Amino acid sequence: MSSIQDKKILVTGADGFIGSHLVERLVQEGWQVRAFVFYTSFGTWGWLDTLPADVLNNIEVIPGDIRDPNGVAEAVRGCFAVLHLAALIGIPYSYIAPDSYVETNIKGTLNILQAARQHGTERIVHTSTSEVYGTARFIPMTEEHPLSAQSPYAATKIAADQLAASYACSFGLPVTILRPFNTYGPRQSNRAVIPTVITQIAAGNRRIVLGNTAPVRDFNYVLDTADAYLAVLRAEQSVGQTLQTGTGTGFSILETVQAIANVMRTEVKIVQSAERLRPSASEVMRLVADSSRLQALTGWRPRYAGREGFLRGLEETVQWFTTSGNLKKYAPQRYGI
């Protein structure tokens, strides 16, 4: 008798930060994986290129563009499930290039939903973001928290979420919306605050250039986030649900910088840069998750929870960024939007 692990899983955005970790975890758990990566003429596969040979040799890689419905339909064909992570995620860049966010995040999600409907895909896990809530009106935040788009990025993610929910209602598509709060860890891009701080310190800087240090975030280590996808995939009762990952603990950016400096055994001074500040009404000041629904339905638990877990995750992240030339992949002196 075959199990669902004998069936093929498509991961979109597989070349990215969370996607590459998810692909790695799926292969380790014995799943059959098809990885959809962004096509470039360089023939590169993003972070997948850094994975061990025993992982790469066990995945099928399909280059394409989430904005192209034909390529997406071919990628979805023959897959039991789609884990949809492909998106533009940088908030500052969404101020500059909102059209590209509409095309990628909204139209790209529509392409996935249409292809899944066409091919009778049995499970779709659509990736949301805690940014859809805007600044918390109550803490911890449940899935019933009101939605509020404080950036073009957040607006496109709300629209994508609503599209996914509408296809579940209109066509009976087996959709789960997974809403991770702020994920961090190895391979994260320098546009995020934790890599920004680590790479500046690792490059020898002691004056750390940042934006607003007051916002509070519920930081999730990437292995916990990847495990949440696997937990949702295994739990049929997750179909039709919106579920969020989080530790239930919030840390300000200032506290986070201090924690990183302690892990890296150094002292730093924060220098605020105007170009790194969001417009005041666009800044989301507080995000802390209630993940009890996900835990109850799937048995998922964050392994890097609380202050102890956060520090352990930071230690592992710092170790990666400062090992084997990984720092060379980053430009600490450059503001990445």
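Residues numbered from 1 in each chain as written. Predicted model: local features only at pLDDT ≥ 70, side-chain atom pairs only at ≥ 80, totals over all residues. Heavy atoms only, no water.

1. A word on the sheet that holds strand S4 (residues 81-84)
Here is step 1 of the chain: With respect to topology, seven strands assemble into an open sheet ordered S3-S2-S1-S4-S5-S6-S11, the strand pairing being parallel. Strands with a single pairing partner mark the edges of an open sheet, and in this sheet they are strand S3 (59-64) and strand S11 (242-245). Strand-to-strand twist of the sheet, defined as the mean angle between neighbouring strand axes without regard to direction, takes the value 20 degrees.
Here is step 2 of the chain: In terms of strand pairing, S4 meets strand S5 (residues 123-127) through four bridges, oriented parallel. Following the sheet pairing, Leu83 is matched in S5 by Val125.
Here is step 3 of the chain: Strands strand S1 (8-12), S4, S5 and strand S6 (175-180) of the sheet are contacted by helix H5 (residues 98-119), whose axis makes an angle of about 175 degrees with S4.
Here is step 4 of the chain: Each of S1, S4, S5, S6 and S11 is contacted by helix H8 (residues 222-234), which is oriented at about 160 degrees to S6, the strand it contacts most. (Pairing = 2+ DSSP bridges. Helix = DSSP H or I, 4+ residues; strand = E, 2+ residues; numbered from the N terminus. Axes fitted to C-alpha atoms, helices over the stretch in contact; angles between N-to-C directions. Contact = heavy atoms within 4.5 Å.)

2. Concerning the pattern of salt bridges
Here is step 1 of the chain: On inspection of all chains with the given rule, the structure shows 18 salt bridges.
Here is step 2 of the chain: The partner of Arg234 in a salt bridge is Glu29, and the shortest N-O contact between them spans 3.1 Å. Of the two residues, Arg234 is situated in helix H8 and Glu29 in the loop between helix H1 (17-28) and strand S2 (32-38); the sequence distance between them amounts to 205 residues.
Here is step 3 of the chain: Here Glu74 makes a salt bridge to Arg77, at a shortest N to O gap of 2.8 Å.
Here is step 4 of the chain: Residue classification places Glu74 among the partly exposed residues on the basis of a relative accessible area of 45%.
Here is step 5 of the chain: For Arg77, a relative accessible area of 42% puts it in the partly exposed group.
Here is step 6 of the chain: Connected via shared salt-bridge partners are Arg25, Glu29, Asp224, Asp227, Arg234 and Arg303. (Salt bridge = Lys/Arg side-chain N within 4 Å of Asp/Glu carboxyl O. Buried < 20%, exposed > 50% of the residue type's maximum accessible area, 1.4 Å probe, protein only.)

3. A word on the packing of aromatic side chains
Here is step 1 of the chain: Summed over the entire model, instances satisfying the criterion amount to 15 aromatic pairs.
Here is step 2 of the chain: Measuring from ring centre to ring centre gives 6.2 Å for Tyr133 and Phe181, while their planes differ by 40 degrees; the resulting arrangement is tilted. Of this pair, Tyr133 sits in the loop between S5 and helix H6 (152-171) while Phe181 is found in the loop between S6 and strand S7 (183-184), placing the two residues 48 residues apart along the sequence.
Here is step 3 of the chain: Given the relative accessible area of 0%, Tyr133 is considered buried.
Here is step 4 of the chain: Seen from their ring centres, Phe321 and Tyr330 are 5.0 Å apart, and the 50 degrees between their planes marks the pair as tilted.
Here is step 5 of the chain: Among the aromatic residues, those joined into a ring-pair cluster are Tyr184, Phe219, Tyr221, Phe251, Tyr304 and Phe310.
Here is step 6 of the chain: Across from the ring centre of Phe171, 3.6 Å away, lies the NZ or CZ of Arg117, which sits over that ring.
Here is step 7 of the chain: Between the NZ or CZ atom of Arg312 and the centre of the ring of Tyr304, over which it lies, the distance is 4.3 Å. (Phe/Tyr/Trp six-rings, centres within 6.5 Å; stacked < 30°, edge-to-face > 60°. Lys NZ or Arg CZ within 6 Å of the ring centre and 35° of its normal.)

4. Section: the packing of H5 against H6
Here is step 1 of the chain: The N-to-C vectors of H5 and H6 enclose an angle of 15 degrees; their axes lie 9 Å apart at closest approach. By the criterion of interaxial angle, the relationship of H5 to H6 is roughly parallel. The handedness of the crossing between H5 and H6 is right-handed. The segment H5 lies against H6, with Pro98, Tyr101, Val102, Asn105, Ile106, Thr109, Leu110, Leu113, Gln114 and Arg117 engaging Pro152, Tyr153, Thr156, Lys157, Ala159, Ala160, Leu163, Ala164, Tyr167 and Phe171. (Parallel < 35°, antiparallel > 145°, perpendicular 65-115°, else oblique. Left-handed = near helix turned anticlockwise from the far one by under 90°.)

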